[in-house]
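Examining the three-dimensional arrangement
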Amino acid sequence: MGLYMSMYVGPYAEATAEPSEREVDVYGCTNSKCAQWKKRETWMQAALSSFCATCGTATGKTTKLVKGRPSPHEALGESERLSSIRDDEDEDVVYFVPNIRGSVGLRLNGDRGASHHVDLAGVDREAEMALFEGQFPEELSALRKVYDVKTCWGLQVDWS
Ligand SMILES: [Zn+2]
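None of the values given here were measured: they were computed from a predicted structure.

1. Some remarks on the overall build of the protein chain
Secondary structure summary: the protein chain contains three helices and seven strands in total. The linear arrangement of helices and strands in the protein chain, starting from the amino end, is β-β-β-α-β-β-β-α-α-β. With the C-alpha coordinates aligned to their principal axes, the bounding extent of the protein chain is approximately 60 × 35 × 30 Å. Here the protein chain holds 160 residues, and the buried ones make up 18% of them. If you take every contact in the protein chain between residues at least 6 apart in sequence, the share linking residues at least 24 apart comes to 65%.

2. Observations regarding the environment of Leu82
Here Leu82 lies in strand 4 (residues 82–85). The sequence separation of Leu82 and Val97 amounts to 15 residues, and the corresponding C-alpha distance is 5.5 Å. Not counting residues up to four positions away in its chain, the partners in contact with Leu82 are Leu76, Phe96, Val97, Pro98, Asn99, Phe136 and Glu139.

3. As for the domain arrangement of the protein chain
According to the domain assignment, the protein chain consists of domain 1 (1–19 + 82–160) and domain 2 (20–68). On a C-alpha basis, the centroid separation for the pair domain 1 and domain 2 is 30 Å.

4. What about the nonpolar core?
By size, the foremost hydrophobic cluster in this structure holds 16 residues, and its most contacted members are Ala13, Ala15, Phe96 and Leu143. Of all the elements in the fold, those that place two or more residues in this core are strand 1 (4–16), helix 1 (72–76) and strand 5 (93–98). Among the elements that make up this core, the one with the highest residue count is strand 1 (five residues). Those residues within four positions of Leu143 in sequence are excluded, and the remaining contacts are Ala13, Ala15, Ala75, Phe96 and Val149.

5. Let's talk about the environment of Val9
Considering the arrangement of structural elements, one finds Val9 in strand 1. Assessed through the 20 C-beta atoms surrounding it within 10 Å, Val9 is described here as buried. On a C-alpha basis, the gap between Val9 and Ala35 in space is 44 Å, while along the polypeptide they are 26 residues apart. Excluding its chain neighbours within four sequence positions, the residues that come into contact with Val9 are Gly105, Leu106, Leu120 and Leu155.

6. Some remarks on the environment of Pro72
As for its position among the elements, Pro72 is in helix 1. Exposure remark for Pro72: the 22 C-beta atoms within 10 Å place this residue in the buried category. Between the C-alpha atoms of Pro72 and Thr42, which are 30 residues apart in sequence, the distance is 9.7 Å. Aside from chain neighbours lying at most four places away, what touches Pro72 is Ser84, Asp87 and Val94.

Scoring rules and cut-offs
- Residues numbered from 1 in each chain as written.
- Predicted model: local features only at pLDDT ≥ 70, side-chain atom pairs only at ≥ 80, totals over all residues.
- Helix = DSSP H or I, 4+ residues; strand = E, 2+ residues; numbered from the N terminus.
- Buried ≥ 20, exposed ≤ 12 C-beta atoms within 10 Å, placed from the backbone.
- Contact = placed C-beta atoms within 7 Å.
- Domains from an automatic or database assignment.
- Core = buried A, V, L, I, M, F, W, Y, C linked by C-beta atoms within 7 Å.

Written out as structure tokens, the structure reads:
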């Protein structure tokens, strides 16, 4: 029942990984007896205050054992230059599209009823895929440490 459509046409990364069990760095309360201990997450570093609001213990980096497909945060950390779409933990694949101004690719958004027309006949898909690799070398390298990564060109549609 989506009412807002976000569409992307252009190069993207298809990142695949088998589910695994591994130890990851997580951020949050460092007191294992606190209720917040279970809520430590890989992505919490930026939002972390110095002390736990529940028990008052200093917060920081610890590790925890996780199962499943690696999350985008495990690969990219706090970087938001690429954004993941269709990040469903139950699926082995995640897609990454550019998330910076002036990047390669085309974004079309709209509420229900919006329409767009774009002529794609002249698009050089191979050149755009090479541009994508050139614009995001560090991110793609970080993704390749965690996932099997393939650069593709196509359409991503997301309703929210
Ligand atoms: Zn705590």
